[in-house]
Amino acid sequence: MLQILFAAFITLYLFYEFYWKRRNFPPGPTPLPIVGNLLEVLLKSPGYEAYQRWKRDFGAVHTYWICGLPIVSIADYEIIKETFIKDGENLTLHTLRDFGMGRNIMEERVMIEVDFLLERLATQKENVYMQNEFDIAVGSVINNILFGYRFDEEHLHEFDLLKAALRQLVYKLQNPLIILASCSPIIKSLPFINGFYNRLLADRDVLYGFVRKQIAEKRKQINYGVDSSEDFVESYLKEWERKKGTKQEEFYFEQQLEAVIFDIWTAGMETTSNTLTWSIVYIMNNPDVQTKIHEELDRVIRSDRKITMSDKNSLPYTNAVISEVQRLANLVPQNLCRLNSEEVVVKGYKIPAGTIMVPQICSVLYDEKIFPDPYKFDPNRFLKPDGSYQNRPELVPFSVGKRQCAGEGMAKLELYSFLANLFQRFKISCKTLPSLEKTMGTVVTSKPYYCDFEERHK
Ligand code: HEM
């Protein structure tokens, strides 16, 4: 009797796992019990190959399972556009427009860090650990815009603590144990996993603690009598004060301010810093690219002066290199998931409200129909035959639609300003060529490497 019951239970379980729970979703790879399709992603990290294979085998709209969670993936540019960019969506609402301070101030703050970065590199000259340099530069831009100060000598210790916590978050959030723990309270309560999960929360709390301390400091110093603001927190607090007593007051509250700052810090730091790190990896592995950037800078700029945004349109090759870096670095292998608020029909599949959907931008950036030979670093993809810059709408490293990156403008400003000025001033070389191998995380990171710097204009 017991055997019959057991066999019936197993049959029902398998029927549920392999058919019933999947019946309302677009087709996809068969998920294993408990882990779903997680192993296929992890075995070939950072996951691009699994996403490409599922697109090939099941079509551009398919379902995969991370533990018990079904994720409907849209892996084709045209369908992503139809699904996520709807008429009338107001993108600007979600965009951190100039952080309430005006575009010039943003460029000013980025250029301050360009100067500091160049001076640090000129002083060190040899064996410079690039990740660290880019981290300090990008972290200082964000901190200066949010709180009005940069990470100078006096604040470097504070920066090191924040960076360590942030790096742990970036790695741990893609750790299979954390993913499993997030999906199941039972798994989360297992002793070893629980400890690991709690350390992740402790890293998050380091960042939140810092944010709260900064807001409290700002409140002590703020002068509500002066209209203009020096940083984002000041601008937010003044706007909040102005809205008091109006209907809009409800949109301003402490938790929102803390969460926005936390998001900007976490989303803006590792993404930009690692894209800069990848830039040097690809350029060092393709030496003719550095020669061509120098040739363009010498022909267009014709001096050793600083390069600013006003030069951008005159530097098509430099812009093409940055675009190709963003494409090939393909920084976010598993894009952020979204919960669709209402039922949608995508390519004939009815996808119910409350389903997790993801615009799988990594499959677009490596789509060989759009970018032939996709794993090759080739800036010419972004150049017209006459040498001018070729805009490619399928270049979507910042994603698309309502939830696309809120810091795109700032990130582009930073990538351009840091890289153009770095190559304007230096010839860069590496005694050991940087590895092209990617380490998986929320964003993909490169292996550590070291560079030497030679002044170009003596
Ligand atoms: C090269 C640099 C960057 C890349 C490649 C990048 C990429 C992305 C991507 C793919 C998303 C997810 C979009 C989606 O849900 O479909 C995102 C979201 C976001 N990004 Fe960026 N980003 C970069 C830099 C920045 C910077 C500099 C900031 C701010 C200072 C920023 C702030 C944000 C915020 C606030 C979100 C929304 C997070 C959320 O919805 O939870 N990003 N970014």
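As a starting point, this report considers the structure included with it. (Residues numbered from 1 in each chain as written. Predicted model: local features only at pLDDT ≥ 70, side-chain atom pairs only at ≥ 80, totals over all residues. Heavy atoms only, no water.)

## Considerations on the sheet that holds strand β3 (residues 128–129)
Next up, step 1: Judged by pairing direction, the sheet is antiparallel, and its three strands sit side by side in the order β3-β11-β8 without closing on themselves. Because the sheet does not close on itself, it has two edges, and the strands there are β3 and β8 (426–429).
Next up, step 2: Strands β8 and β11 (450–455) of the sheet are contacted by helix α17 (residues 408–425), whose axis makes an angle of about 95° with β8. (Pairing = 2+ DSSP bridges. Helix = DSSP H or I, 4+ residues; strand = E, 2+ residues; numbered from the N terminus. Contact = heavy atoms within 4.5 Å. Axes fitted to C-alpha atoms, helices over the stretch in contact; angles between N-to-C directions.)

## Concerning the coordination of the iron atom of the ligand
Next up, step 1: Protein coordination of the iron atom of the ligand is limited to a single donor, C405 (SG), which sits 2.3 Å from the metal.
Next up, step 2: For C405, the location among the structural elements is in the loop between α16 (361–365) and α17. (Donors = N, O, S within 2.8 Å, 3.2 Å for Na, K, Ca; no water.)

## Side note on a nonpolar patch on the surface
Next up, step 1: On the surface, a cluster of nonpolar side chains totalling about 570 Å² of accessible area is made up of F6, F9, I10, Y13, L14 and F18.
Next up, step 2: F6 sits in the exposed class, given a relative accessible area of 55%. (Patch = residues over 30% accessible without salt bridge, like charges linked within 9 Å, V, L, I, M, F, W, Y side chains within 5 Å. Areas by Shrake-Rupley, 256 points an atom, 1.4 Å probe, with all protein chains shown as cover. Salt bridge = Lys/Arg side-chain N within 4 Å of Asp/Glu carboxyl O. Buried < 20%, exposed > 50% of the residue type's maximum accessible area, 1.4 Å probe, protein only.)

## Side note on the pattern of salt bridges
Next up, step 1: Counted according to the given criterion, the structure contains 37 salt bridges.
Next up, step 2: The partner of R425 in a salt bridge is E455, and the shortest N-O contact between them spans 3.0 Å. Residue R425 is located in helix α17, and its partner E455 is located in strand β11; the two are separated by 30 residues in the primary sequence.
Next up, step 3: Salt bridges sharing partners connect three or more residues here, namely D135, K163, R167 and E270.

## Some remarks on the nonpolar core
Next up, step 1: One finds W265, I280 and L422 to be the most contacted residues of the largest nonpolar core, which totals 134 residues.
Next up, step 2: Counting contributing residues, this core receives three or more from each of domain 1 (24–75 + 339–365) and domain 2 (76–330 + 366–455).
Next up, step 3: Apart from the residues within four sequence positions on either side, I280 is in contact with F134, L419, L422, F423, I428, Y449 and C451. (Core = buried A, V, L, I, M, F, W, Y, C linked by side-chain atoms within 4.5 Å. Domains from an automatic or database assignment.)

## A word on the site of the ligand
Next up, step 1: Taken together, 21 residues lie near the ligand, and N335, R338, S399, R403 and C405 sit nearest.
Next up, step 2: In the model, a nitrogen atom of the ligand is placed 3.5 Å from a nitrogen or oxygen of the A267 main chain.
Next up, step 3: A distance of 2.4 Å separates an oxygen atom of the ligand from a polar side-chain atom of R338.
Next up, step 4: Every element with two or more residues in the shell around the ligand is listed here: α13 (254–285) and α17. (Near = heavy atom within 4 Å. Polar contact = N/O pair within 3.5 Å; in protein donor to acceptor, adjacent residues only side chain to side chain.)

## What about empty space enclosed by the protein?
Next up, step 1: Inspection of the entire model under this criterion finds one cavity of 30 Å³ or more.
Next up, step 2: The space that makes up the largest cavity amounts to roughly 40 Å³.
Next up, step 3: Considering the residues around the largest cavity, the lining is formed by I283, I293, T318, V321, I322, L419 and F423.
Next up, step 4: Taken together, the elements giving at least two residues each to the lining of the largest cavity come down to α15 (316–329) and α17. (1 Å grid on protein atoms, 1.4 Å probe; cavity = no way out; pocket = protein on both sides within 12 Å on 5 of 7 lines; lining within 4 Å. Points joined across faces, edges and corners; volume = space filled by probe spheres on them.)

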